[in-house]
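Breakdown of the fold
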Amino acid sequence: MAAEEKWKTSAERDGEKELCVLVGQQLGEPGRFAYAALCGISLAQLFPEKEQSSFRTEFIEGFVKWLDLPQAVLPAMTAFASGLGGEGTETFAQILLKDPILKENPVVITQDLLSFSLRDGYYDARARVLICHVTWLLRVPLEELEVLEESLLESLKEQKEEESETAEVSRKKKERRKKLKRYLLIGLATVGGGTVIGLTGGLAAPLVAAGAATIIGSAGAAALGSTAGIAVMASLFGAAGAGLTGYKMKKRVGAIEEFEFLPLTEGKQLHITIAITGWLCTGKYGSFTAPWSSLLQSSEQYCLAWESKYLMELGNALDSLLNGFVNMMAQEALKFTVLSGIVTALTWPTSLLTVASVIDNPWGVCLHRSAEVGKHLAHILLSRQQGRRPVTLIGFSLGARVIYFCLQEMAQEKDSQGIIEDVVLLGAPVEGEAKYWKAIAKVVSGRIINGYCRGDWLLSFVYRTSSVQLNVAGLQPVDLDDRRMVNMDLSAVVNGHLDYMKQMDTILRAVGVKTKECRLDEKGSGSFFSPLAKKSQRAVENTTRGEDAASRDHQGSSS
């Protein structure tokens, strides 16, 4: 209590007007009830599966306490989290928005949910998807969540402003961070009537260095700097804070010869992105990082370097195959060999078959190795090498295959949920039948984007020897009845398989992934659309139309 009094004195001295205690202690009782109900209903809509019941129950029980609601409302909230009352979503949202605390700035709910989700130093991917959804329901731009997360990290470490920013922009940014930081600090440092968290200091451990003592009082700051608090911080960001860049394959794992994470950005973030390249070739695209130069899904991004020797051999084979008239012949043959994305063993041009051996062997080798690399990646993520933060995976061609096998492996393990937020598979050479995707979908909290091109003759050609008709995800939509599944027809922006590398910037924007050149409006969260959006999209040729399509989807769903 002494710490609380010190904090109050500090606040009064500073003359601060913004929120000084948790939103849950300021909302009226109707507002708190509506807030909890909205989260309960959203949990049931987002994670209805039986295996998610314990997560829903634990979340809502903790949330009722967080909001200081009477225990008598718990049965009702548990019922909402079990799937009842979904038709009341809009009503509860309106009740909440009418509360005086939200009238001027509804983003305080996003702040509060973030504080609640981080209270133990773990950031579950399911919690982040829920925050995105509730934020969207309250018509708050999702980019606000990104700002909040960055602000929290700003309070954990000193970070210089980018030199390119003007003095005015820099000043406004600092002022905003100061306000957000104050709220988040209090949310993390207090519970209920202001009791300072000691052993569960969680994220707040390094706040002492950021001047926490002047905000929450010296006693509170001392508690937050406890050894236990620092340990939780290490848990969040990975061993010794090194995260994925600290991982080195100590010895050869099975057939894998190379496996390493390369940083794509210098920053730190509460959610991370891992990009996986599908092949290498000489020249401009000779490195794993080259295709991802415009990616900006998170301020902490990595690229997986894997089996470069074999991926370079494959890339050279692709160049050999596609040079000259063979490409034109194949385009013509496509009309007769690919029907609705189903590969058939009809006649391919003789000229193409004579050079088939050039690609068949390196392709077969890389198919096998990509599956092994995917399984190894699964165990890295399951061991929380990246810390306890949501992970988004993006890959093209064989890189998408790595992701597919990673998810497949994770689905067979316990405690595999809440790690993966979103996945984007582009031109994936994997099974396209829904039954194969059902299990892996349960590992993903947010979205599974399947970007495909029906006219990808190369992908159909490498599957030509299949003894049975084969559905390939990179050639057609995956017909899975699951809110996570989003199929994106990229035929308008992808002419052939090699475009997945050469046109990556355009493709990323078409599927709603943030890039340096084009930060999508209302999608700053890392979840590509509202988590309950429509299940199928068609990418269009230019960026502007692509953004409009995503925006329409974003606005017209989840009602």
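Residues numbered from 1 in each chain as written. Predicted model: local features only at pLDDT ≥ 70, side-chain atom pairs only at ≥ 80, totals over all residues. Heavy atoms only, no water.

**Re the layout of surface pockets**
Which entries qualify depends on this criterion: The rule is simple: put a 1 Å grid over the protein atoms alone, call a set of points where a 1.4 Å probe fits but cannot get out a cavity, call an open set with protein on both sides within 12 Å along at least five of seven lines a pocket, and count a residue as lining if it has an atom within 4 Å of a point. Grid points are joined across faces, edges and corners, and a volume is the space filled by probe spheres set on the points. Helix and strand definitions here come from DSSP, where helices need a minimum of 4 consecutive H or I residues and strands a minimum of 2 consecutive E residues; each element is numbered from the N-terminal end. Charged residues are taken to be Asp, Glu, Lys and Arg, nonpolar residues to be Ala, Val, Leu, Ile, Met, Phe, Trp, Tyr, Cys and Pro, and polar residues to be all remaining types, Gly included. Segmentation into domains, and thus their bounds, comes from an automatic or database assignment.
Considering only enclosed or pocket space, the second largest pocket measures out at about 650 Å³ in volume. Along the walls of the second largest pocket sit 20 residues, with Phe55, Glu58, Tyr122, Asp124 and Arg126 positioned nearest its centre. Elements with a minimum of two residues in the lining of the second largest pocket: helix H3 (53–66), helix H7 (107–117) and helix H8 (125–137). With four residues, the single largest contributor to the lining of the second largest pocket is H3. When grouped by side-chain class, the residues that make up the lining of the second largest pocket number six nonpolar, five polar and nine charged. Residue assignment places the lining of the second largest pocket across two domains, with domain 1 (23–140) and domain 2 (247–335 + 346–521) each supplying three or more.

**Considerations on the confidence of the model for the chain**
What counts here: The predictor attaches a confidence to each residue, and that confidence, scored 0 to 100, is pLDDT. Every residue pair with non-hydrogen atoms within 4.5 Å of one another is taken to be in contact.
Here the chain averages 74 in pLDDT, and 63% of its residues register 70 or above. Predicted confidence is poor over residues 1–20, with pLDDT under 50, and the contacts of this stretch with residues over four places away or in other chains come to 33 contacts. Considering only residues more than four positions removed or in separate chains, one finds that residues 538–559, a stretch of pLDDT under 50, has 43 contacts.

**So, helix H19 (residues 434–441)**
Residues spaced three or four apart along an α-helix point in a common direction, a consequence of the helix completing one turn every 3.6 residues. As a reminder of what qualifies: Accessible area is worked out with a 1.4 Å probe on protein chains only. A residue is then buried under 20% of its type maximum, exposed over 50%, and partly exposed in between. Along the arc lie the directions from the helix axis toward the C-beta atoms.
Within H19, the full set of buried residues consists of Trp437, Ile440 and Ala441. In a view along the axis of H19, the buried residues occupy a sector of 100°, so they form one face of it. Opposite its buried face, H19 presents the exposed residues Lys435 and Lys438, each directed more than 90 degrees away.

**A closer look at the packing of aromatic side chains**
To keep it simple, the criterion reads: Any Phe, Tyr or Trp ring, taking Trp's six-membered ring, that has another such ring centre within 6.5 Å forms a pair; planes under 30 degrees apart are called stacked, those over 60 apart edge-to-face, and the others tilted. By definition here, charges over rings are those cases where NZ of Lys or CZ of Arg is within 6 Å of the ring centre and within 35 degrees of the ring normal.
Inspection of every chain in the model, using the stated rule, returns 14 aromatic pairs. Both rings, one in Trp279 and one in Phe396, keep their centres 5.3 Å apart while their planes meet at 85°; by these two values the pair is edge-to-face. Note that Trp279 is positioned in the loop between strand S4 (272–276) and strand S5 (301–306) and Phe396 in strand S8 (residues 391–396), a separation of 117 residues in sequence. No difference in accessibility class separates Trp279 from Phe396, as the two residues are buried. Among the aromatic residues, ring-to-ring pairing joins Tyr35, Phe47, Phe55, Phe59, Phe63, Trp66 and Phe116 into one connected group. It is Arg126 that lies over the ring of Phe55; its NZ or CZ is 4.0 Å from the centre. Its guanidinium or amino end placed over the ring of Trp136, Arg139 lies 5.3 Å from that ring's centre, counting from NZ or CZ.

**Description of the environment of Arg139**
The following threshold applies: Polar contacts, as used here, are pairs of N or O atoms within 3.5 Å; protein pairs need one atom able to donate a hydrogen and one able to accept it. Residues neighboring in sequence count only if both atoms are side-chain atoms.
Relative to the assigned elements, Arg139 resides in the loop between H8 and helix H9 (143–154). Given a relative accessible area of 56%, Arg139 falls into the exposed group. When the C-alpha positions of Arg139 and Val107 are compared, they lie 9.3 Å apart, and in sequence the two are 32 residues distant. A polar contact of 3.2 Å, which involves the side chain of Arg139, links it to the backbone oxygen of Leu137.

**A look at the nonpolar core**
Our working definition: Take the buried Ala, Val, Leu, Ile, Met, Phe, Trp, Tyr and Cys residues and link them wherever side-chain atoms come within 4.5 Å; each set so joined is a nonpolar core.
Core analysis: the biggest nonpolar cluster contains 90 residues, and Leu381, Ile420, Trp437 and Leu490 have the highest contact counts within it. Looking at this core, the element that brings in the most residues is helix H17 (residues 356–382), giving ten residues. Discounting residues that sit within four places of it in the chain, Trp437 has contacts with Tyr404, Leu425, Val430, Glu431, Gly432, Ile448, Ala473, Val478, Leu480 and Met485. By size, the runner-up hydrophobic cluster in this structure holds 52 residues, among which are Ala36, Phe55, Tyr123 and Ile131.

**Focus on the side chain of Glu307**
Its place among the elements puts Glu307 in the loop between S5 and helix H14 (308–322). On the basis of relative accessibility, which here comes to 2%, the residue Glu307 falls in the buried class. A distance of 2.9 Å separates the side chain of Glu307 from the backbone nitrogen of Glu257, its partner in a polar contact. With near-sequence residues (within four places) excluded, Glu307 lies in contact with Ala255, Ile256, Glu257, Glu258, Arg369 and Val373.

**Quick word on the environment of Glu266**
Structurally, Glu266 can be placed in the loop between strand S3 (259–263) and S4. You can call Glu266 exposed: its relative accessible area is 78%. Considered as a pair, Glu266 and Ser299 are 33 residues apart in the sequence and their alpha carbons are 7.5 Å apart.

**Examining unusual backbone geometry**
Its identity is not glycine, yet Glu307 carries a phi of approximately 45°, on the positive side. Even without a glycine there, the phi angle at Ser397 is positive, about 50°. Within the secondary structure, Ser397 is located in the loop between S8 and helix H18 (398–411).

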